[in-house]
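Coordinate inspection notes
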Amino acid sequence: NLIGIKGSLPGALLGGGNGTVSLPSSFQILNVGFSQNLYQGGQVLFGTLEQRHRYRAARAQLKGNVNDVLLETSRRYYDLLLNEALLEIRTRAVEISEEQVRLNQAQERSGTATGLDVLQSQAQLASDQQNLVDQQSTRRQSSLQLASFINSSLSQDLVSAEDELKKKRLVPRLTPITHLLKTAIDNRPELKQYEELRIATRRAIVTAAAPLQPRSALAGTIYGIGAGGSDLTPLYNLSFTVNWNLGKLGTTDLANIQAAKWEARQAAIRAKQAFTDVFQQVRTAFDQSLAADKRIEHASAQIVAAEEELRIATKRMQAGIGLNIDVLNAQRDRTQACINKARALVDFNVAQAQLLHDVGLISVGGLTTGVKF
C-alpha cells in the first residue's frame, strides 16, 4: 500500500519535544500473514464425513438400480419367450383342430359320423383360431414392452434366438437357504445404502450441534512500514481468537439437533426394515423357485397323460365305440397341459433370476451362465 499524507504532528506525540514534525509525503506499508481455523465446532470434519457416507449410499443406490434393471429385463425377456412358446402351442392346436374337422367331414360323407360331430369340431377350430389370434397380439405386445424397456427401436419385432423354452438353473440346487441369506447380507446394495445413510445421519447430529460450540482461530501478520521505499521497519502481530455466538439463545440450534436425532432414528429404523425385507425376499424367491420346479414335473406328467388320453380317444372313435367330444376334450387337455408346462418353465426361470437379484449377485454373466457359491 502506497499512502500519501500531508501535514505535521506535534513533536511531543512522537517524542521530539515541543515543536512539530513534518510527515513524509509518502510511505509504504507491506504486509504478509496467515490465518488458520483451529476448531469450528466439528462442522467441517463431521460435515465432510457425513457427505462421504451419503456419497457411498448414492453409489450403492446406483448399483441397486442397475440390479433392478437387469431383473426387469430378464422378466420381460422370459415373458417374450413364454408368449412365443404359447404361440407355437396355439398354432399346433389349430393344425390339430383343422385335421379333426377334415376327418369328421370325411366320416360324415361315409356315414360313420354325424353332423353334430362336424359342428363340434368346427366350433373347436373356431375357438383355437381365436386363441391363436389373441396370442399373436399378446406376443407382439410383449416384444414391444421389451423393446421399450431396453430402449430399442419399436419398429422392429424382437424375436428370441432360443429354439425352445427350457429350464435354466442359475443358483445351484443344493445351496442352503442360510448360505443364501449370508450372501445377501454381504452383497445386497440396498443394505449398504441404508447403512451408509444411517451413519450419515449420526454425523449430521454433530454437524447440527456445531453452532453451539466455540470457534477458535490463529492468525499472524508481519507489517513493513517505511518512507521513500527504504528502511522498512517490521511490526509483528500474532493473535489467537475464540468466538462463541449463540443466536436466539441457541434455541434454533437445539431444535435442529433434535430434528437430526429424529432423522437418525428414522434412518436406523429404515436400515433395520431393509434387513427384514431382504430376508423375506430371499426366502420368498427360494420358495417360488422350489414350487416352480415341482410344477414343471407335474406339468410334464400331465402332458404324458393328456397325450395318452388323446391317443385312446382317437382309437375309440375310429373303432366306433367312442365319441367325437371325447377326442375334442382330450385335445383341449393336451393343449392346456403344454401351456401349464410352458408357464412353469418361465416361472422357474424368473424365480431363479429373482433369487439371483435378491442375494445381490445378479449380472449379465450370472443371468446367462449362473453363479457358483
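For the structure itself, consult the block above.
**A closer look at the packing of aromatic side chains**
Per the counting criterion, the structure on display carries one aromatic pair. For Lys-167, the ring lying beneath its charged end belongs to Phe-348, and the centroid distance is 4.9 Å.

**Remarks on unusual backbone geometry**
Phi at Asn-151 takes a positive value of approximately 60°, unusual for a residue other than glycine. Relative to the helices and strands, Asn-151 resides in the loop between helix 2 (115–149) and helix 3 (177–187). Classification of Asn-151 by relative accessible area gives exposed; the value is 72%.

**Re the pattern of salt bridges**
By the definition in use, this model includes 17 salt bridges. Across the pair Glu-50 and Arg-54 runs a salt bridge, and its minimum N-O distance is 3.1 Å. Of this pair, Glu-50 and Arg-54 both sit in helix 1 (residues 43–110), separated by four residues, roughly a single helical turn. Its relative accessible area of 11% is what places Glu-50 among the buried residues. Three or more residues joined by partner-sharing salt bridges are found here, namely Glu-84, Arg-139, Arg-140 and Asp-157.

**A short note on a nonpolar patch on the surface**
Side chains of Leu-38, Tyr-39, Phe-240 and Val-242 sit close together on the surface and give an oily, nonpolar patch of about 410 Å² of accessible area. Looking at the nonpolar patch, the elements with two or more residues in it are strand 4 (26–39) and strand 6 (233–243). By secondary structure assignment, the location of Phe-240 is in strand 6. Phe-240 gets classed as exposed once you look at its relative accessible area, which sits at 52%.

Criteria and cut-off values
- Residues numbered from 1 in each chain as written.
- Predicted model: local features only at pLDDT ≥ 70, side-chain atom pairs only at ≥ 80, totals over all residues.
- Heavy atoms only, no water.
- Phe/Tyr/Trp six-rings, centres within 6.5 Å; stacked < 30°, edge-to-face > 60°.
- Lys NZ or Arg CZ within 6 Å of the ring centre and 35° of its normal.
- Helix = DSSP H or I, 4+ residues; strand = E, 2+ residues; numbered from the N terminus.
- Buried < 20%, exposed > 50% of the residue type's maximum accessible area, 1.4 Å probe, protein only.
- Salt bridge = Lys/Arg side-chain N within 4 Å of Asp/Glu carboxyl O.
- Patch = residues over 30% accessible without salt bridge, like charges linked within 9 Å, V, L, I, M, F, W, Y side chains within 5 Å.
- Areas by Shrake-Rupley, 256 points an atom, 1.4 Å probe, with all protein chains shown as cover.

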